[in-house]
Structures are given as structure tokens and as C-alpha cells.
Amino acid sequence: MELLCPAGSMPALKAAIEHGADAVYVGLKDETNARHFAGLNLDQAGLTEAARYVHQHGKKLHVAINTFAHADTFEHWRRAVDMAVKAGADVLILADMAVLAYAAERYPKVEVHLSVQASATNAAAIEFYKQFGVKRVVLPRVLSMNQVRSIARTTDMDLEVFAFGSLCIMAEGRCYLSSYMTGESPNTAGACSPAKFVRWDEADDGTLESRLNNILIDRFAPNETAGYPTLCKGRFTVGEDTYHALEEPTSLNTLSLLPELYKEGIASLKIEGRQRSPAYVAQITQVWRQAIDSVMSKPDNFEVQQQWDHVLAGLSEGSQTTLGAYHRKWK
Amino acid sequence: MKFSLGAIQYFWPKQVVENFYQQAADSSVDIVYLGETVCSKRRELKFDDYMRIAHMLREAGKQVCLSTMTLLEAPSELRELRKYCDNGDFIVEANDVGAIPYLQEHQVPFVAGAAINCYNQHTLRKLMSMGMSRWVMPVELSREWLAKLLAQPMVKDVRDCFEVEVFALGHMPLAWSGRCFTARSENRAKDQCELCCIKYPEGREVTSQDGTQVFVLNGIQTQSGTRYNLVNQLPNMQGLVDVVRLSPQLTGTFDWLEKFRANSQGEHPQQLATNDSNGYWLALAGLVQQLD
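No experiment lies behind these values; they were computed from the predicted model shown. (Residues numbered from 1 in each chain as written. Chains lettered and ligands numbered in written order. Predicted model: local features only at pLDDT ≥ 70, side-chain atom pairs only at ≥ 80, totals over all residues.)

A closer look at the overall build of chain B
Of the regular secondary structure elements, chain B holds nine helices and 14 strands. In terms of overall dimensions, chain B is globule-like: its C-alpha atoms have a radius of gyration of 18 Å, near the 19 Å expected for 292 residues. Dimensions of chain B along its principal axes, counting C-alpha atoms only, are 50 × 50 × 35 Å. Taking all 292 residues of chain B together, 51% fall into the buried category. (Helix = DSSP H or I, 4+ residues; strand = E, 2+ residues; numbered from the N terminus. Rg over C-alpha atoms; globule rule 2.2 N^0.38 Å. Buried ≥ 20, exposed ≤ 12 C-beta atoms within 10 Å, placed from the backbone.)

Below, the structure is given as C-alpha cells:
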């Protein structure tokens, strides 16, 4: 079972490798990947350096080119694939059928993984993507453990699941909430709730309001911790109640599911967070390295160590973690 | 320009659905999409009921298309999907790519629904090679995006081999989740939802703390808080869009159908309601309403 860690920069990539990642995933500095944030990601030189560093350590580099190509700039996506292959990427993480088809035709020997943005949530969809020579599918975070198990037992495709990080509660690649509010979505612009639309207002009584393109996402009392206004994690009113109508600001944490995921033969555990700091990546990687080593050496006697939970809680949104959709009751 | 009725997105009692399609049969609509596309627990109507209604509508001169589930997770949902794809009589709207291999087996043409990610000419051609005969554009795309896509030589060459359909009236489906938000709004677990969404035939409104309607909850689906309304955009759809889709609403759907028809060439523009939007079509944020 592979530990696949995020890197938005060279320092983060080095931190991941030094702390035990088996593979690292990165994106390019443009709209071709779903974490298109200012100051993040690698250019061609950076990508080449990343591949060299990762390979020196006997590890793998995955490159995410996982947004959907625009009609008049398809060239950018093609160039991104060319660039990644030329730099020496081991794996391309793709979502758009057009980009998948290009990679399959042009670089049939390069390993391709189906991005979570392609939203393959069932065995039939996985079957569909086999025509593009996909070697592994990243499952969306909407599935329960039972559903993951059922897919794992019906397909011969390698599966990758999200193990830790920000919790996307909608089927990825099919969520247009962000463009509804701002005009930019993960599919079209590579970002959800983009920072340039965020505004903070402080009232005289100390109440803090977070807005996204002028829509009020949340209101925080002076003693409350205020989180980034990701639009699905705001407090809204339904009927008489004001609450987190869609989801609380919390992080996904599947540590306690590790033995089950291992038994089902899940090929890889993905840590979310290319937008995070090198220090964050280092700590997360260290905990998950220990946890995976532990489950692989004694799958029947695996226990989550308190210290792991402690570290992960400290790195989580709102210091809270959840099993998310893996746990049926969450739904 | 043809007009269609999308599949009913909400959970309505069986009699309400039957009445709605009786009205559809008597209306001027050209194409009707039928089926449960949101939640497999909603079983007021079963597959056989939909087939019966499909035949009734066909006899009334409508083109009928069976519409399939969007978020498919459980093996039981795939078995139900198979039934739709194997119906042998009516064309099918695939709302998840999982439906496509089943439809390819029968070598029947299909409609690629708005939740299938087709954003460019290469994907469009790929889907056509699999049998797609009609493409419903993703709701977040604009007229400008559509025009650019259709202007690509590889699309122009085959433009007479497929139709373009655009979602043009109703609360837009914007997201699907493993979680049921209607059940959550009633403090129920999804497993004990007791199908409470039947109480909300127009979904549940979600407003920001300062009173702006932001979303509508419809089970596992999140819809736009605004009603998308492209009635006044019909003239600039000419030459680009073949089918205009109206999403069934509890009331007023057939009145709107006539208003849309009347304004196809811009002869009878309509006053938009405060809560109407047209932003996506105009390449703006989806919730924006731009006056003409």
C-alpha cells in the first residue's frame, strides 16, 4: 500500500520524500490542475528538478493534469502532458477524456491514473475508463467503506482512496457550486472558492463576516475560530435553523479504517493538500508512514496510536476530523 | 428550435407525477425525459410506471428519452441502470459515464447529460464515436464557450450528426453528494431519511445569514438558489442550440413553455423575477441576473 503525498513546491516535495512518502503528486503552474493557486505548483524547470530528486530517492512522481480542457486552448493541456512526460513523471493523473485520449495515443507507455475529478464512483464507470489504458482510479470521497469494498471486489483496477485532508463532500468533478457563486470552478479554472473573491468584514461588536463574491458564507463571534470561506462549509439558514447546512469545517481522517483498506487491497492512500506548507506535509507524512508500516506488519492487531490522532487533529480544519462518507452514519 | 422537459428532479407523489405527464402529453413540448435521476430510494414510480408513461407520451407524439441516475454508487443502482439501458424501445440520457458501455452494447444512440464532463471538441467527438446523438451542455458553461466549441473545425464537420441541448429554466443541479442534505436538515441520518424529501416538492431553500437565497436542497443534490431563466436569451441561441430544456417545476411549467416558444425569436420578451438568474449563459457567476 503506497503512501502518496501532496507537494505544491520543492520544499514540500522534499519534506514528503524525507519523511517517508512512496510517491509525491504535483501540478503545473497553470489552469491545467485542480489546485491552481497563486504561488503554488511547479514550472518546467521545477518539474524536472522534482523528478530528479524523487528518482534519486527511489520514489515516484505523479503529475496532476486534472481540469477540463477549454475549446480554444486545448493546446495548454496537451503541452502540460508533453512537459510532464519530458520531465520524467512516472504517472499522469488525468480527468478529461480528451486529455486521456491524447496521452494514451501519444505516450502509451506512461502510466495513467484517473483523477478523482473524473468522478468514477462505480464499477461501470471504472469499466468505461479502461478504454483509455487507465492503470489506477482515484475514488471520490462520497463513497462509504461498504461501497469502496464492493468496488474493490468487483474490479481488477488498482484503486486509490483519500486518506486524509480537506473533505470534499460533493462528488468531485461534478460540483459547480464555486462557479455558481464566483464564475470559477475546479473544472473550468482549477480552483474552488478562489481567494480573490474572499472578503473579511469586522463589525463594531467584533463579529467577523466571511464573504465569497459578496455572498455571506459565515459569521464568527469574537471568540470563535474563523475558517476560510469554502462555500460548502459555511453556516446558512434552512427553515428556522442556522447551521452548517452542507458540512462542518472538518478534515477527513481514515486512520481507523486502515486495516480494512489494506485488506481490500487498496493500492494507494492519498493525502490531500498541495496548498499546504512543507511543515504540514512533513508532519502528516511522518504519521501516515508509521501507520502504514504498522498495518502492513500486523494487519490484525493494528491500533491507532493516540499520538498520531493528536498530531492529525492539530493539522485539521477546526481541529476536527471525521471519517466522512466512509462511515455510513455521516451521510 | 425544439423544447424539452428534463426529468423531474424533485420527489413528487405518484399522482402528481401522473398528472404532470398527462399535461405534458397535452402540451406543445417536443421531447420528454423520464426517470429518477437523483436518489434511488425514491420509488413512488417504478421502472414499469415510467415505461407506461413513456408509451403514453409517445402516442401523444412526443419523443421520449429515459433519463438515468447521476451519482451511481451501489451495485443495486447499477442493476437498475442496466434496466433503463436495456429497455429496447426508447433512447436514453446517460447522466454518468457508467451508462455508456451498456448503451454501446446495444449500439443505440444516447444523450450525454449535463453532468457528464464534456468541455471541449475532442471529448465531444469521443462521445460521438461511442454513439452520442445529443449533447446537453454542462450547466456552468456559457454561450461564448459553446460558440467557441462549435466553431472548431473537427466539430463543424459533424455538426449535423448531433444536437445541442441547453438547460434553460429551473433550479440548476450544481452538485451531488454521498450525504442527503434534506435528511440532514431534519436532523435525520440518510439511512433513516423516511423519504422526507417528499415533503419538499420544490426542495428546501437555503439562505445566507443576511437573507440571500443561495441554494436549494434536493436530497443528495444541491441546486442553485436562483431559478435559471434564459427566456430572453433564446434569440442568441439561434444557430447554436437545437433543444431548450425546461426543468419541471411544481407549478407554471407549461405556462413557461408557451412563453419560451413565443419568445424564440425575441418577439415576446419576459420580465424576469427577482430570483431569476442568467449569469452562466452570459459567462458570469451563475447566480447573476443581467438585465438586457
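Digging into the interface of chain B and chain A
Contact residues are listed per partner, giving 52 residues for chain B and 55 residues for chain A. A per-element tally of the side of chain B that touches chain A places helix α5 (residues 121-130) of chain B first, with four residues. Among the residues forming the side of chain B that touches chain A, the class breakdown is 25 nonpolar, 17 polar and 10 charged. (Contact = placed C-beta atoms within 7 Å. Nonpolar A, V, L, I, M, F, W, Y, C, P; charged D, E, K, R; others polar.)

Things to note about the sheet that holds strand β10 (residues 215-220) of chain A
Residues and elements named next belong to chain A. With antiparallel pairing, the three strands of this open sheet are ordered in space as β8-β9-β10. Taken across any chain shown, the strands that pair with only one partner, and hence form the sheet edges, are β8 (198-202) and β10. Averaged over all adjacent pairs, the angle separating strand axes in this sheet is 25°, with direction ignored. (Pairing = 2+ DSSP bridges. Axes fitted to C-alpha atoms, helices over the stretch in contact; angles between N-to-C directions.)

What about the UniProt feature "binding site: [4Fe-4S] cluster" (unreviewed entry) in chain A?
Residue and element names in this part refer to chain A. As recorded in UniProt, the feature "binding site: [4Fe-4S] cluster" (unreviewed entry) lies at Cys168, Cys175, Cys192 and Cys232. Across 65 residues of sequence, these annotated residues stay compact in space, with a maximum C-alpha separation of 10.4 Å. Structurally, the position occupied by Cys168 is in the loop between β7 (158-166) and α7 (177-182). A tally of 25 C-beta atoms within 10 Å means that Cys168 is categorised as buried. (UniProt positions renumbered as here; feature names shortened; annotations may be inferred.)

Topic: helix α2 (residues 44-56) of chain A
Residue and element names in this part refer to chain A. End to end, α2 covers 18 Å across 13 residues, agreeing with the expected 18 Å (1.5 Å per residue, within 8%). Those residues of α2 not exposed but buried are Leu47, Ala50, Ala51 and Val54. Buried residues of α2, viewed axially, fall in a sector of 100°; they line one side. Exposed and facing more than 90 degrees away from the buried side of α2 are Ala45, Arg52 and Gln56. Gly58 lies just past α2 and shows a positive phi near 70°. (Expected span 1.5 Å × (residues − 1). Arc of directions from axis to C-beta.)

A closer look at the UniProt feature "binding site: [4Fe-4S] cluster" (unreviewed entry) in chain B
Residue and element names in this part refer to chain B. Look at the UniProt record and you will see "binding site: [4Fe-4S] cluster" (unreviewed entry) annotated at Cys39, Cys180, Cys193 and Cys197. Across 159 residues in sequence, these annotated residues keep their C-alpha atoms within 11.7 Å of one another, forming a single compact spot. Within the element layout of this structure, Cys39 appears in the loop between β2 (31-34) and α2 (47-59). Of the residues examined, Cys39 has 23 C-beta atoms within 10 Å and is grouped as buried. For Cys39, the residues in contact, after removing those within four places along its chain, are Gly219 and Ile220. Structurally, Cys193 can be placed in the loop between α8 (181-185) and β9 (204-207). Ignoring anything within four residues of it in the chain, the contact list for Cys193 reads Cys180, Ala183 and Arg188.

Some thoughts on unusual backbone geometry
Even without being glycine, A:Ser193 reaches a positive phi, approximately 45°. Structurally, A:Ser193 is set in the loop between α8 (186-189) and β8.

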